[in-house]
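Summary of structural features
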Amino acid sequence: MEIRDYLRQIRRYLWLVILIPVVAALITGGLMEIRPSVYQADATVVVPAITANGFSQSAATQYVDTFKDVLVSEPVLADVSQKYGIPTSELASGLSASTITPSSNIINVVLLGKEHQNLTGAVREATVDSLNAIAQPRLAQALNAQTNAQTLLSN
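Residues numbered from 1 in each chain as written. Predicted model: local features only at pLDDT ≥ 70, side-chain atom pairs only at ≥ 80, totals over all residues. Heavy atoms only, no water.

**Comments concerning the overall build of the protein chain**
Test applied: Every helix listed is a DSSP run of H or I at least four residues long, and every strand listed is a run of E at least two residues long, numbered separately from the N terminus. The globule rule is 2.2 Å times the number of residues to the power 0.38, and the radius of gyration it is compared with is taken over C-alpha atoms. Two residues qualify as a contact provided that any one of their heavy atoms is within 4.5 Å of a heavy atom in the partner residue. Computed with the Shrake-Rupley method and a 1.4 Å probe, the accessible areas treat only the protein chains shown as cover for residues. This count recognises Lys and Arg as positive and Asp and Glu as negative, with His and chain-terminal groups excluded. Charged groups are reduced to one reference atom each: NZ for lysine, CZ for arginine, CG for aspartic acid, CD for glutamic acid.
Scanning the protein chain from terminus to terminus reveals six helices and five strands. Starting at the N terminus, the α and β elements of the protein chain follow one another as α-α-β-β-β-α-α-α-β-β-α. In terms of overall dimensions, the protein chain is more spread out than a globule: its C-alpha atoms have a radius of gyration of 28 Å, far above the 15 Å expected for 155 residues. Considering only contacts within the protein chain whose residues lie at least 6 apart along the sequence, 66% involve residues at least 24 apart. Summed over all atoms, the accessible surface of the protein chain reaches about 11000 Å², with 60% contributed by carbon and sulfur. Computed over 10 positive and 12 negative side-chain charges, the inter-centroid distance for the protein chain is 14 Å.

**Examining the side chain of Ser130**
Going by this rule: Buried, partly exposed and exposed residues are distinguished by accessible area as a fraction of the type maximum, computed with a 1.4 Å probe on protein chains only: under 20%, between the cut-offs, and over 50%, respectively.
Inspection of the secondary structure assignment puts Ser130 in helix 6 (residues 119–154). Note on Ser130: relative accessible area 0%, which makes it buried. Setting aside residues no more than four positions away along its own chain, Ser130 makes contact with Phe67, Val70, Leu71 and Val76.

**Let's talk about the sheet that holds strand 4 (residues 95–99)**
Spelled out, the test is: Strand pairing is assigned whenever DSSP detects at least two bridges linking the two strands. Under this scheme, a helix contributes an axis fitted over its contacting stretch, all axes are lines through C-alpha atoms, and angles between N-to-C directions fall in the 0 to 180 degree range.
Spatial ordering of the open sheet is given by 1-5-4, a layout of three strands whose pairing is antiparallel. At either margin of the open sheet sits one strand with a lone partner, and together these are strand 1 (39–46) and strand 4. The sheet shows a mean angle of 20 degrees between the axes of neighbouring strands, direction not considered. Relative to strand 5 (residues 106–113), strand 1 runs antiparallel, the two sharing eight bridges. Directly across from Tyr39, in strand 5, lies its bridge partner Gly113. Running over the sheet, helix 6 touches strand 1, strand 4 and strand 5 and is turned about 30 degrees from strand 1.

**Concerning the environment of Ser96**
Mapped onto the fold, Ser96 is located in strand 4. Given a relative accessible area of 37%, Ser96 falls into the partly exposed group. Once residues within four sequence positions are removed from consideration, Ser96 is found in contact with Leu71, Asn108, Val109 and Val110.

Written out as structure tokens, the structure reads:
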């Protein structure tokens, strides 16, 4: 067989070689168009790794685990849902928290959502609410100690 014969065979099926990529591109474009867009907002939090005895990596790990639980708790989700109009179910499925490395005290909070939702504000609010909920008992202790100290000082 000569080169001319090969070229004739290629020319015979050239329409197929052109048609298959065009059809695949059209199908892919159509699927991308009908699929809903997913947007992402994130926040980074550095949690304290300090205990009464000084620096502790286990304290940071425990804090991170507690933070993850509080982040998807009902009070935090309800507050963020009320302020930003994002359904609680979408917040529960879209909010996640992870650390850079397993022993890191840096938490990356991510919220996945739809277009026209204030994801940046919602992830910020969820992060702040979670930190406030975790710090609330220590804050109450500090305020009580301050009140007691001021009472003792005035006496």
